[in-house]
Amino acid sequence: MSNDKFITIQSSAVPLPIENVDTDQIIPARFLKATTRDGFGENLFRDWRFDKSDQPKSEFVLNNSVYSGTILVGGKNFGSGSSREHAAWAIHDYGFKVVVSSFFADIFKNNALNNGLLPVQVSDSFLSKIFKAIESDPATTLKVDLAKQVITLELSGESESFQINPYKKECLIKGYDDIDYLLNIKDKIASFEQART
């Protein structure tokens, strides 16, 4: 399934300063029955967002109208736990385009990249600055420039570079999944095969 092309994102951010957020917290196992990516956003952080009577918990950040945006800022070791791809589906389906943390679990990171969600890994110190800036002003904005691989706190102008696999970067910028990428180079593949024979 193709993804949206990733353009430079300038947005306020939703802070989740909790370390070791695992995939079962992101999307509980009881919601994994669907086989398409649609609809998972409504159950993102379900057990943190709602009580046992399905009423929103006012203290949880996603239920606080003060915070909004397409960037989720999480604590260190985000996406640990099981390998469920549904975690990336849920975050993306909710409306987030970027997740920022100082460390991502490898499987979550790859699942995110495969599903049009950009994981931006920053230093512990820069992550702390982001959290402090949002706490000071929830409307503060971040700019994520994938082409330049730079994330910027727009109010202060402080920025930091981040790493990304070049292939995944190209796919995000062009809105490709792995199949789209192969279809895009099918002529090169055909030429290579002809040369081999």
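The notes below deal with the structure included here.

About the thresholds
Residues numbered from 1 in each chain as written. Predicted model: local features only at pLDDT ≥ 70, side-chain atom pairs only at ≥ 80, totals over all residues. Heavy atoms only, no water. Axes fitted to C-alpha atoms, helices over the stretch in contact; angles between N-to-C directions. Helix = DSSP H or I, 4+ residues; strand = E, 2+ residues; numbered from the N terminus. Parallel < 35°, antiparallel > 145°, perpendicular 65-115°, else oblique. Left-handed = near helix turned anticlockwise from the far one by under 90°. Contact = heavy atoms within 4.5 Å. Nonpolar A, V, L, I, M, F, W, Y, C, P; charged D, E, K, R; others polar. Buried < 20%, exposed > 50% of the residue type's maximum accessible area, 1.4 Å probe, protein only. Arc of directions from axis to C-beta. Polar contact = N/O pair within 3.5 Å; in protein donor to acceptor, adjacent residues only side chain to side chain. Core = buried A, V, L, I, M, F, W, Y, C linked by side-chain atoms within 4.5 Å. Pairing = 2+ DSSP bridges.

### Focus on the packing of helix α3 (residues 86–94) against helix α4 (residues 106–114)
The contact between α3 and α4 brings their axes to 8 Å, and the two run at 50 degrees. The orientation of α3 relative to α4 falls into the category oblique. Two packed elements cross with a definite hand, and for α3 against α4 that hand is right-handed. In contact with A87, A88 and I91 of α3, α4 contributes F108, N111 and A112. Here the contact of α3 with α4 is composed, by residue class, of five nonpolar, one polar and no charged.

### Considering helix α6 (residues 166–174)
Among all positions of α6, only K168, K169, C171 and L172 are buried. In an axial view of α6, the angular spread of the buried residues amounts to 165 degrees, which keeps them on one side of the axis. A distance of 2.8 Å separates the backbone nitrogen of Y167 from a side-chain oxygen at the start of α6, and that oxygen is part of N165. One or two residues past the end of α6 sits G175, with phi positive at roughly 75 degrees.

### Observations concerning the nonpolar core
I26, F45, F78, I91 and F108 are the most contacted members of the largest nonpolar core, which totals 25 residues. Counting only elements with at least two residues in this core, the list comes to β1 (9–16), α3 and α4. Among the elements that make up this core, the one with the highest residue count is α3 (five residues). Beyond its immediate sequence surroundings of up to four residues, I26 is in contact with V21, N43, L44, F45, F78, G79, A87, I91 and F108. Counting 24 residues, the second largest nonpolar core, distinct from the first, contains I71, V122, L153 and F162.

### A few points about unusual backbone geometry
Where the residue is not glycine, phi is negative for most of them; where a peptide bond is considered, it is trans in most cases. Despite not being glycine, N20 shows a phi value in the positive range, around 60 degrees. Relative to the assigned elements, N20 resides in the loop between β1 and α1 (23–26). In this model, Q149 sits at a positive phi of 60 degrees, which is unusual for a non-glycine residue. When you line up the elements, Q149 lands in the loop between β5 (141–145) and β6 (150–153).

### Comments concerning the side chain of N111
Along the chain, the position of N111 falls in helix α4. Within polar-contact distance, the side chain of N111 engages the backbone oxygen of S83 at 3.1 Å. Not counting residues up to four positions away in its chain, the partners in contact with N111 are S83, R84, E85 and A88.

### Some thoughts on the sheet that holds strand β7 (residues 159–161)
An order of β4-β3-β2-β1-β5-β6-β7 is seen for the seven strands of this open sheet, with the pairing classed as mixed. On the outer flanks of this sheet lie β4 (118–121) and β7, each paired with one strand and no other. If you compare each strand with its neighbour and ignore which way they point, the axes differ by 30 degrees on average.

### Considerations on the pairing of β1
Among the eight residues in β1, seven count as buried, and that is most of the element. Two elements, β1 and β5, share four bridges in a ladder whose sense is antiparallel. Counterpart to Q10 in the pairing with β5 is K143. Relative to strand β2 (residues 71–74), β1 is paired through four bridges, and the arrangement is parallel. Across the sheet, V14 pairs through a bridge with L72, a residue of β2.

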